[in-house]
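The lines below spell out each chain.
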Amino acid sequence: MSRIGEIVETMSTGFVAESFELNQPPALGSLILVQSGSIHLYAVVTYGRTAGLDPSRHAVRQGTDMVSDAAIYREHPELEHTLRTEFGAALVGLAVDRVIRQHLPAQPPPLHYSVQTAPADEVRRFTDQLQYLRLLLQTRGEVPSLQVLAANLREVFQQRGEDHDWLDRAAREVATLLKGDHEALLTVLYAIDPGEQTGGARP
Amino acid sequence: MSHNRLGAVVEGTFADGLTVRLDPGTTTEQLRIGDFVVVEGAHNRYFSLVSDIHLKAADPRLLADPPRDASAFVTRAMAGTSTYATVQVRPMLMLEKVDEFDPRALLGQQGGPQPVRTIPMHFAELRTADELDFSTVFGHEGGVNFAMGAPLTMEIPICLNLERFVERSNGIFGQSGTGKSFLARLVISGVIKSKAAVNLIFDMHDEYSFDKQTEDKRWVKGLRQVFGPQVLIYSLDEQVGRRAGRNVDVTLKVGLNQIEEPDIMLLTEELNLRQTAEASIGLLRDAFHEHWLLKLLEMTPEELEGFCTSSGAHPAALGSLQRNLKRLQRQEYIVSEASFSALDDMVEALDRGKHVILQFGRFNAVLDYLLVANLVTRRVRQRYEDKMRRYEETKAVADKPRPLMITIEEAHKFLNPAVARQTTFGTIAREMRKYNVTLLVIDQRPSGIDPEVMSQLGTRVSGKLTEERDIDSVLTGVSNRGALRGALESLDTRQQILVMGHAVPMPITVRTRPYDEAFYAAMGGHARPHGTDSDVRDLFGEE
Amino acid sequence: MPLKLGHISQQMYGMVQRIADLTPEQEQFIALAQALLRSVDPDALRQKLDAQLSQRRRIPWLVATPRGSLCDSASAPALPSDYRVIGTDASSMPPDRHSSVRYYVLNVGYAAIRYGSLPHATLDSRSQLCFRDEELYLFPERRDVPVEGTLLGARMEVEAVRILREVVPPVAMPTLALRDGPLILWTLQNESTAVQERLLDDLLETLSFLRQARVPVGGYISFSDSHDVTNSLRVWLCQGQLNACDHCDDPQRELCLALAKIHDRELFGFLADGERSELFSSSSQVLQAYGDQQVDFMYLNVGGEIARIEVPRWVGSDAALLGLLHAGTLDQCWRSSGFPPYPPALQEAHEQAAITPTERGLVEEMLARALARRGQRILRSAKDDSKRRRGV
């Protein structure tokens, strides 16, 4: 179990968690999981943000000619304690006794519970069904839902070992969901196109 | 969902057919106009034809601005959702779906597919037809079911019901190069093998009797070689008859006494007759009865003049007529007087189950063809009329004349609107099967044939046609024309035909069966050597 | 609300004008003062000051006695690449006069930051609820000296230093400590010796501990108001009675009066970036209670301002410790992102120590609830109530 954060805000549609690693929120679009009792709640990362721990303290430039990037953290060790990284996630489904449902849960995840990255086999099983994409399209936040969707598809594609069949299937599902708005559809398709494939004619 | 599912019905009317939205992943290129497909309704199965294909877009803005950088991935994703296709299908026959394990219900289905009376509801599945569908609709090979070929994508025989085929006159069409003579050979072979009818074939281009080299340098067998002494070869040309290995059974001579006015009128164009010809002939006939032609040709100028004076005929007209008709006399096969016995014997041979091919040899000009075919057919039809009347009196089965199918090529020459009323062929076509005689009409210009005659053709087998009016003509009197039009236009030039009409339950596109060794074997090709004795016996003696 | 901003803004104009007018004149005097500084003979000044002080004639001002020269400066030595700095700060929630329950809250914050090959930081605070007699009264048996006002302030300062005993780790690594504010608690100079000694006890003990541990400690004062050294220059100039300026007819009278308005940080403006001045000892009366833990001071140009750094004498007389403190403080200022620079360790200590109004409210509420559970109520004064309610 790789815990990556703790929930600091929670609501029916999703939650905000503080990341354990500074500047390393989980990848945008990746699938994360909260275990609440016997229920696994699945969510997709919708944004990551790093800022001062105290909201009234703003980040100011710390770099100089000689000190920049990673060196800044070495030269200012107190930053680890005065900054925090948070990430937000949209709930996309749950699993009870290994039965997967892709709708919002009855209860939001409890505050202060741990967040983990979803292990590869659970990602695979969850994403075998694609209804969760509808929930993703409805997220409202700083990162546009189309970009979150595209990020998720890219992440899952990689996690499933470059599963081209799945990507095709997901792309068609997206095309169905966005058929009334082809500019939006193209935005997503261009963002998930895996590019030239080597080997094998496609059916 | 079966695994040859194509899509689902989304719209439709009984009058205009059904609109099916193709599933994502199903490309339009899998389907062709005229394909046989099946719609699974809740209660009925609809055997249908694809009549049109449309491309659509879910968001019309997509059409205004299609993506410029669409990779194969993007196109694939959009196919079937943002972009999709619909096909128009025409239900042709429907079959009530019954519980396979309910014997009573199955019995009720004995009649097979019925005409369409209703349409399925939304989202009924469209799928490709499988073997079972084909055999449900088109039956199995054997008996009166003769395999014409196979569907475009399968190896199942599609059959003509030859009994129904010979119930009406039929046509074989297609632009030149589409293999009409092969089709004719196929069909005629089927008829011969199944004994559905006896054949009289006017072989204008010397194609049907013996082997012939095709365009691609293959040698194919003639009907005589496949069926042996069942097939009798008549010829106008003596010389041909003497060539080895190509034995002709009878050399036919035509007497001037056998030529009648309608025969001459048919030759108006060929003989360059004037408008006055008909009138002149009428006067001659009044005077000389059945010898009018001989008499005319023998007349000296003085006699001509004299006749004109006495009958009131116009001298110039008559003179011109005589000149033109002298051409006839010059033909080698024309004699002054001939007996009708040769023709009558031919009819008897036909009655005994023989098939006759009339070759023209050297005399294969249009003039000869028109004259001889019309004349012979007239006599044959007359004999048949007599036989039929006798049968009606005696009602003895032995007296019933065998169904006869007469094959003519360049049919428009005999059946164009101008002459259709006058030729025997026109008469036969219109009479339908009154005297058990039907036509097999072969033509590449069906638009030249009188529409009334066309509408009488029961079964039409057509290769590719591109001229609008030819297509219109072939589809005269056929329902669901729109669907079939597309099918006709999209046929491959060589191997594909559309079969529709009386002898098939529904129109169907077919890859023709090859006319080759396998076919000869299937027909039970004879390899017996021929001897004159056996020929004579066949001609005159026992069956 | 009834503050008339309009009037204020008009008056502000006059104020700004006056500042602008005075500045060039001020700068001239500063230059003169610096020249004077350079001209003074340190020994002679020491003698003069000694004489004044030993004669027990009260010098009306705080003066600074130079420990070395007056005008010399020193650059910082090299700092070891691995070193640790601990900054401390404290804040308090004073006792509420209007409440029937007496308590106050002390919050001491610290930031221990390690630089070099193993960078690390610990930021934390220690919060204390003071309600016992010994915390509320300096002399709990007598209950006559409540810890509030100045005394509470002094207590806070002491706590800010005392925490160093807990947080200085035993690991040997060059370490320096800084606190935000003075080490010389001059606010106590008018208190009785008993009070002074009571309050300073922990401070002195901590300084002793730090001396043992060889951890130099400095009180960092930014934008200091002090003019100890300029006052010494006045003493130097004065040929007659100190503070009988009305009757003075010395030609240097003008400069002397001008010196009264010049702060030490302006005087020491000649220091180059990173340089410190020599050490000075203060004449603050409270130092008498410091015993052998005397505290001196110096000025340091941190690159943006001249800060006053107060250091124990044992730091000032040890070149290595003084050098570590000097270089370490500068290094801190270089790491600062603000202007003028401010040591991050102190910045973070301050953040750890601060008590927000919200937190104050929470403490009051928590207490009220806790008491309520035991059937007790907090009574408030009428004035306080009216302030809170502010009804019309």
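Structural notes, computed from the coordinates.

Reading the values: rules and limits
- Residues numbered from 1 in each chain as written.
- Chains lettered and ligands numbered in written order.
- Predicted model: local features only at pLDDT ≥ 70, side-chain atom pairs only at ≥ 80, totals over all residues.
- Helix = DSSP H or I, 4+ residues; strand = E, 2+ residues; numbered from the N terminus.
- Expected span 1.5 Å × (residues − 1).
- Buried ≥ 20, exposed ≤ 12 C-beta atoms within 10 Å, placed from the backbone.
- Contact = placed C-beta atoms within 7 Å.
- Nonpolar A, V, L, I, M, F, W, Y, C, P; charged D, E, K, R; others polar.
- Axes fitted to C-alpha atoms, helices over the stretch in contact; angles between N-to-C directions.
- Parallel < 35°, antiparallel > 145°, perpendicular 65-115°, else oblique.
- Pairing = 2+ DSSP bridges.

### Topic: helix H4 (residues 150-162) of chain C
All names here are of chain C. Across its 13 residues, H4 extends 18 Å between first and last C-alpha, which sits within 8% of the 18 Å expected from 1.5 Å per residue. When we look at burial in H4, the residues that qualify are Ala-154, Arg-155, Met-156, Glu-157, Val-158, Glu-159, Ala-160, Val-161 and Arg-162. Where H4 is buried, its residues contact strand S3 (83-93), strand S4 (104-115), helix H5 (164-167), strand S6 (175-180) and helix H6 (193-213).

### Here's the deal with the interface of chain A and chain C
With 12 residues of chain A at the contact, the number on the chain C side is 13 residues. Those elements that provide at least two residues to the side of chain A that touches chain C are helix H1 (70-75) and helix H2 (79-82) of chain A. Residue composition of the side of chain A that touches chain C, grouped by class: two nonpolar, four polar and six charged.

### Details of the environment of Ser224(C)
Residue and element names in this part refer to chain C. Tracing the chain through its elements places Ser-224 in the loop between strand S7 (217-221) and helix H7 (228-237). As a C-alpha pair, Ser-224 and Pro-182 span 42 residues in sequence and 9.9 Å in three-dimensional space. In this structure Ser-224 touches Asp-264, Arg-265 and Arg-308, once residues within four positions along its chain are discounted.

### Points about the packing of helix H2 (residues 42-54) of chain C against H7(C)
All names here are of chain C. H7 packs onto H2 with a crossing angle of 90° between their chain directions and a minimal axis gap of 10 Å. Judged by the inter-axis angle, H2 sits roughly perpendicular to H7. In this structure, H2 contributes Leu-45, Lys-48, Leu-49 and Gln-52 to the contact, and H7 contributes Ser-232, Val-235 and Trp-236. Residues belonging to the contact of H2 with H7 are distributed by class as follows: four nonpolar, two polar and one charged.

### Side note on the pairing of strand S5 (residues 120-130) of chain C
Residue and element names in this part refer to chain C. Where S4 and S5 come together, 11 bridges link them in antiparallel fashion. Paired with Gly-109 across the strands is Ser-125, a residue of S5. Taken together, S4 and the strand that follows it, S5, pair antiparallel across an intervening segment of four residues, in which Gly-116 is found at a positive phi of about 115°.

### What about the sheet that holds strand S14 (residues 231-235) of chain B?
Residues and elements named next belong to chain B. Spatial strand order, S9-S8-S23-S22-S21-S10-S20-S19-S11-S18-S14-S15: 12 strands in an open sheet with mixed pairing. A strand with exactly one partner marks an edge of an open sheet, and here the two such strands are strand S9 (158-161) and strand S15 (250-251). The pairing of strand S22 (residues 496-501) with strand S23 (residues 508-512) spans four bridges and is classified as antiparallel. For Val-499, the partnering residue across the bridge sits in S23 and is Ile-508. Contacts from helix H16 (residues 366-394) reach strand S11 (198-203), strand S18 (355-359), strand S19 (404-408) and strand S20 (437-443) within the one sheet, and its direction differs from that of S19 by about 170°. Sheet strands touched by helix H21 (residues 481-489): strand S21 (459-462), S22 and S23. Its angle to S22, the strand with the most contacts, is close to 155°.

### Topic: the packing of H16(B) against helix H18 (residues 424-431) of chain B
Residue and element names in this part refer to chain B. Running from N to C, H16 and H18 point in directions that differ by 45°, and their axes come no closer than 9 Å. The angle between H16 and H18 falls in the class oblique. Contact residues: Asn-374, Thr-377, Arg-378 and Arg-381 in H16; Thr-424, Phe-425 and Ile-428 in H18. Looking at the contact of H16 with H18 residue by residue, the classes come out as two nonpolar, three polar and two charged.

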